[in-house]
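For reference, the chains in residue letters:
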Amino acid sequence: MTEQREHLQSAEAVLSGLSAAETGLTDSAVAELTDKYGANKLQEAPKKPLLLRIWEQIRDPMVLILAAAGIVSGYFKEYADMAIILIVIVLNTVLGIFQESKAEAAIEALQKMSAAMSKVRRNGQELIIPSAELVPGDIIRLEAGDSVPADVRLLETAVLKIEEAALTGESVPSDKSADVLKAPESGDVPLGDRHNMAYMGTSVVYGRATAVVVRTGMATEMGKIANALANTDEERTPLQKKLDNLSKVLSIAVLGICAFIFAYNVFITKDSVFDSFLTAISLAVAAIPEGLVVVVTVLLSIGVKNMSKKNAIIRRLSAVETLGCTQVICSDKTGTLTQNKMTVVENYGITAMLQGIMYNCNDAKLAAAGDIGDPTEIALKIFGKSDKTAELERIGEAPFDSVRKMMSTFHKVESGVVQFTKGAPDEVLARCTALLLENGKTAELTDELKRGIMSENKRMADKALRVLAGAMAQYGELPSDTTPDAIEKGLCFVGLAGMIDPIRPEVKLAVSECNDAGIRAVMITGDHQDTAVAIANELGILTPGALALTGSELAAIPEDEYDVTKYSVYARVQPEHKVRIVSAWKKRGAIAAMTGDGVNDAPAIKASDIGIGMGITGTDVTKNVADMVLADDNFATIVGAVKEGRRIYENIRKAVQFLLSSNLAEVVSIFIATVMGFALFKPIHILWINLVTDCFPAIALGFEHEEADSMSKPPRNPKASIFSDGLGIDVIWQGVVIAGLALVSYFLGASEDGRILDEHAAISMTMAFLTLSMCEVFHSLNMRSRIHSIFTLTRQNVWLWGAMVLSTILTFGVIYIPGLNDAFELFPLNAKDFFEALGLAFAVIPVTELVKLVRRIFEPKAGKLVV
């Protein structure tokens, strides 16, 4: 397929290079080109086999160790232990596989955007064929309403305008012509400025054209995006990386401890290999937080549900916590920060008459089902529609063209015929000799008045408004010569209308809140630089010291000289530029988000740490690669999602601390018991505590309220350990305290009434089990705050209270329900033993309260929570 820059070549040169003729290709040429280039469609991304997806879920070191423990348990006929372990592994695997790859769906959406059928000239005849059958060299015809089926070089145009927002990000349709473009001094002409080209997936909104296909399928600009999507790897989130590291550390520790205990029992205490294996398995099960993955998944799901209520639809669970540490939001302008709807926001001159001109000298159609026409025309039509505006019968016209930069229409009125003209202010003003006054009379249009009008035009243009002028003339009857040269002179100037794609009213506050939260907002758009800068200034994105840059200027900056922190606005960018910007932020260690709605945003959205798509105006492509979709297309929704993300992450930390302190307590107590020569717990006891007693309160911690200052402090450091801010120390001392309480409970049961360890091991083990289980239930209350006393928290977590009750009932059940306690090798305790064990468990609350008091005394600036 040709690699030439067709936009810089004449139409004749392009046809010659493609061996094409205006009569179209012959059947034999089409067959040869189809063999060479293939079908005009996008390739599908290879799908990941189910077995590979399963392996990716179970290759975690902790899961493999747990699986090995299950196999060993089965070998020694401990079938209950084996069954529970296998259930845990299967549950984790199924939950993980729910996260499907989105690349295939994105490619399918891109294919749907392509035109289904095309009008093509072959063998001298015009045919309608499937777009997939087009080949380079085909001559096609485009009309208003058509989707462009391939990348084409325009040969002939008639007032052609093409909507390219999905590809370039430009909100206004591009005027197209067949003229050769002049090569720039350096680089290439930006995609959005190639006025003699049309690209696959864009649509014709006005006029018609004949064009020659120059690229098809994956070689098109749309194909490059599809290829970028297929080849962009999804990054693991900060939490995933931390849990991976935690898994590795715990796995090494588990193997070391198990090997030591096994060797100690076999060679020092001379226990049997069978008993030594069971003890080692107990330690392995104790050290591995089996419920951690499930709890984290459920907590993230809670965040997903809360965000969905606020119009933020999460497509990937891990995106919830990533939002909490987002440091940069790279946002598309059109449709994201703005409304993607041209609107007249200012006007100058005689308003009523200007409205009449803009309403009647207009080819757009307003309808309840959807407005039809060029967005600029629609904006002017809406501006012109008022109670004072009459819809006049059109009896003649001089259509718009890019040379005159204006259009004129004739309408019947009571006094005869009126001519309305609208167009570029400088061109219209040059054809005016009079000025319409407020009283309906006219005055001579002097040079001074012209300067005043052009000054007003400049004032609007400096605000990035697109300005059009309106003028008129009156006749007794329709002129015999209605050619532009004959009628567009001696006009009466009426006024100016300035329009822009306005900002969403809530976005300015949202950007301000992002700034307060330490989040950098960056605008990336395909629109013109002056428009982008004006919008950025209005929103507060372009702060003092920050700069604006165009895509061509960015392309000229060497990689080692590019300092991404200098720039807050990027204009006239192409898809690869967006990926480079996002990648540059990520190289600096920042967690970068990318928002957008167009196809051109998709590669960068997928390459970012968190991609945010628009649900209403967004293309299917963008939604399918996004991690989060805004159902209301509201940039402000991101702020709420960030707040929820921060809350969920803090609650995950609480759950991690809660679960790991429990696991450490189990490891420490079993280790000490093993060294002292007695069995404290069976593997099934540990599995029950880890999966039942601990899991419900840990999940309920996900419903805790956020910190009061969560959105007034900078994002957390994504490289910070999950054990930062003293959490690791808390896990250690709390684990040791709980282990001590469990051991004390065991010894109380063993020493009561002269009980001997061997004879009353079941009672002692049951007391230790009850103490450890209820310690975790009571300790979950401590986890509501690391600083504040639980007795000062006025907002209650009803889910936590419910989880505590449920865990308590289940714990009592395995002790006192006949048959079930036999399966768990537990003994129903008498009242004295029961309350002794329960009292020891409750002791974890006053101990933790004492530590919190000391911390508040020595850390007076500790974070404030909602109370």
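Only a predicted model underlies this, so the values are computations on that prediction, with no experimental measurement involved. (Residues numbered from 1 in each chain as written. Predicted model: local features only at pLDDT ≥ 70, side-chain atom pairs only at ≥ 80, totals over all residues. Heavy atoms only, no water.)

1. A short note on the overall build of the chain
For the chain, the count of helices and strands is 33 helices and 23 strands. For the chain, the proportion of its 867 residues judged to be buried stands at 55%. Within the chain, contacts between residues at least 6 apart in sequence are counted, and of these 74% link residues at least 24 apart. Summed over its atoms, the accessible surface of the chain is roughly 36400 Å², and 58% of this surface lies on carbon and sulfur atoms. (Helix = DSSP H or I, 4+ residues; strand = E, 2+ residues; numbered from the N terminus. Buried < 20%, exposed > 50% of the residue type's maximum accessible area, 1.4 Å probe, protein only. Contact = heavy atoms within 4.5 Å. Areas by Shrake-Rupley, 256 points an atom, 1.4 Å probe, with all protein chains shown as cover.)

2. Topic: the packing of aromatic side chains
Summed over all chains, the structure comprises 12 aromatic pairs. Considering the side-chain rings of Phe 703 and Trp 799, the 4.6 Å spacing of their centres and the 15° angle between planes classify their relative orientation as stacked. Remark: Trp 799 occurs in helix H30 (residues 798–816) and Phe 703 occurs in the loop between helix H27 (695–700) and helix H28 (727–751); sequence separation between them is 96 residues. Judged by its relative accessible area of 52%, Trp 799 falls in the exposed class. With centroids separated by 5.1 Å and ring planes inclined at 85°, the aromatic side chains of Phe 834 and Phe 835 adopt a geometry described as edge-to-face. Cluster of aromatic residues (ring-pair linked, three or more members): Phe 812, Tyr 816, Phe 834 and Phe 835. (Phe/Tyr/Trp six-rings, centres within 6.5 Å; stacked < 30°, edge-to-face > 60°.)

3. Quick word on the nonpolar core
Among the nonpolar cores identified, the biggest contains 128 residues, and Phe 493, Met 628 and Phe 635 are the most heavily contacted of them. It is helix H25 (residues 635–676) that provides the largest number of residues to this core, a total of 16 residues. In this view, Met 628 contacts Ala 312, Ile 313, Ile 314, Arg 315, Leu 323, Gly 611, Ile 612, Gly 613, Ile 638 and Ala 641; residues no more than four positions away in its chain are not counted. Among the nonpolar cores identified, the runner-up in size contains 25 residues, and Val 328, Leu 554, Ile 557 and Ala 626 belong to it. (Core = buried A, V, L, I, M, F, W, Y, C linked by side-chain atoms within 4.5 Å.)

4. Topic: a nonpolar patch on the surface
Judged by side-chain polarity, Phe 260, Phe 671, Ile 672, Val 675, Met 676 and Phe 747 come together as a nonpolar surface patch covering roughly 500 Å² of accessible area. No other element matches the 4 residues that H25 contributes to the nonpolar patch. Note that Met 676 resides in helix H25. (Patch = residues over 30% accessible without salt bridge, like charges linked within 9 Å, V, L, I, M, F, W, Y side chains within 5 Å. Salt bridge = Lys/Arg side-chain N within 4 Å of Asp/Glu carboxyl O.)

5. Describing the environment of Gly 611
Assignment of secondary structure puts Gly 611 in strand E22 (residues 610–614). Sequence separation between Gly 611 and Thr 622 is 11 residues, and the spatial gap between their C-alpha atoms is 8.7 Å. Not counting chain neighbours up to four residues away, the residues in contact with Gly 611 comprise Met 594, Ile 605, Ala 626, Asp 627 and Met 628.

6. What about unusual backbone geometry?
Located in the positive-phi region is Val 159, a residue other than glycine, with phi close to 50°. The exposure class of Val 159 is partly exposed, given its relative accessible area of 31%. In the Ramachandran plot, Lys 405 falls in the positive-phi region, its phi being about 60° despite a non-glycine side chain. Position of Lys 405 among the secondary structure elements: in the loop between strand E11 (394–401) and strand E12 (406–413). Judged by relative accessible area, which is 42%, Lys 405 ranks as partly exposed.

7. Some details on helix H22 (residues 575–587)
For H22, which comprises 13 residues, the first-to-last C-alpha distance of 19 Å matches the rise-based estimate of 18 Å (1.5 Å per residue) to within 8%. Taken together, the buried positions of H22 are occupied by Pro 575, His 577, Lys 578, Arg 580, Ile 581, Val 582, Ala 584 and Trp 585. (Expected span 1.5 Å × (residues − 1).)

8. A short note on the packing of H25 against helix H29 (residues 761–782)
One can describe the packing of H25 onto H29 by two numbers: an axis separation of 11 Å at closest approach and a directional angle of 155°. When the interaxial angle is binned, H25 and H29 end up roughly antiparallel. Viewed along their axes, H25 and H29 form a crossing whose handedness is right-handed. Where H25 abuts H29, its residues Phe 658, Ser 661, Ser 662, Ala 665 and Glu 666 lie against Leu 772, Glu 776, His 779 and Ser 780. (Axes fitted to C-alpha atoms, helices over the stretch in contact; angles between N-to-C directions. Parallel < 35°, antiparallel > 145°, perpendicular 65-115°, else oblique. Left-handed = near helix turned anticlockwise from the far one by under 90°.)

9. Brief notes about the sheet that holds strand E20 (residues 567–571)
Pairing is mixed in the open sheet, where 8 strands are placed in the order E8-E23-E22-E21-E9-E18-E20-E19. Both outer strands of the open sheet, strand E8 (312–314) and strand E19 (547–550), are each paired with one neighbouring strand and no more. Strand-to-strand twist of the sheet, defined as the mean angle between neighbouring strand axes without regard to direction, takes the value 20°. Sheet strands in contact with helix H20 (residues 529–539) are strand E18 (520–524), E19 and E20, and its direction is about 145° off that of E20. (Pairing = 2+ DSSP bridges.)

10. Examining the layout of surface pockets
A volume near 1300 Å³ is recorded for the second largest pocket. Along the wall of the second largest pocket there are 50 residues; nearest its centre are Val 172, Pro 173, Asp 175, Arg 466 and Leu 468. For the lining of the second largest pocket, the element with the most residues is strand E4 (residues 151–163), which contributes 5 residues. A class-by-class count of the residues in the lining of the second largest pocket yields 20 nonpolar, 12 polar and 18 charged. (1 Å grid on protein atoms, 1.4 Å probe; cavity = no way out; pocket = protein on both sides within 12 Å on 5 of 7 lines; lining within 4 Å. Points joined across faces, edges and corners; volume = space filled by probe spheres on them. Nonpolar A, V, L, I, M, F, W, Y, C, P; charged D, E, K, R; others polar.)

11. Focus on the pairing of strand E14 (residues 432–436)
With 4 of 5 residues buried, E14 is to be regarded as a mostly interior element. What sits between the antiparallel neighbours E14 and strand E15 (residues 442–444) is a turn of 5 residues, in which Gly 440 has the positive phi angle 90°.

12. So, the side chain of Gln 419
Position of Gln 419 among the secondary structure elements: in strand E13 (residues 416–423). Reaching out from Gln 419, the side chain makes a polar contact with the side chain of Thr 421 at a distance of 3.0 Å. Here the side chain of Gln 419 touches Ile 487 through a polar contact of 3.3 Å, landing on its backbone oxygen. Residues in contact with Gln 419, not counting those within four places in the same chain, are Ser 408, Thr 409, Phe 410, Ala 471, Met 472, Ala 473, Tyr 475, Ile 487, Glu 488 and Leu 491. (Polar contact = N/O pair within 3.5 Å; in protein donor to acceptor, adjacent residues only side chain to side chain.)

13. Details of the pattern of salt bridges
The tally for this structure, following the rule as stated, stands at 31 salt bridges. Arg 459 is paired through a salt bridge with Glu 346; the nearest N and O atoms lie 2.6 Å apart. Here Glu 346 lies in strand E10 (residues 343–349) and Arg 459 lies in helix H17 (residues 447–462), a separation of 113 residues in the sequence. Taking relative accessible area as the criterion, Glu 346 reaches 17% and is therefore assigned buried. Here Glu 377 makes a salt bridge to Lys 422, at a shortest N to O gap of 2.5 Å. You can see Glu 377 sitting in helix H15 (residues 375–384) and its partner Lys 422 sitting in strand E13, a full 45 residues away along the chain. Of the residues examined, Glu 377 reaches a relative accessible area of 9% and is grouped as buried. Overlapping salt bridges, with partners in common, bring together Glu 346, Glu 456, Arg 459 and Lys 463 in one network.

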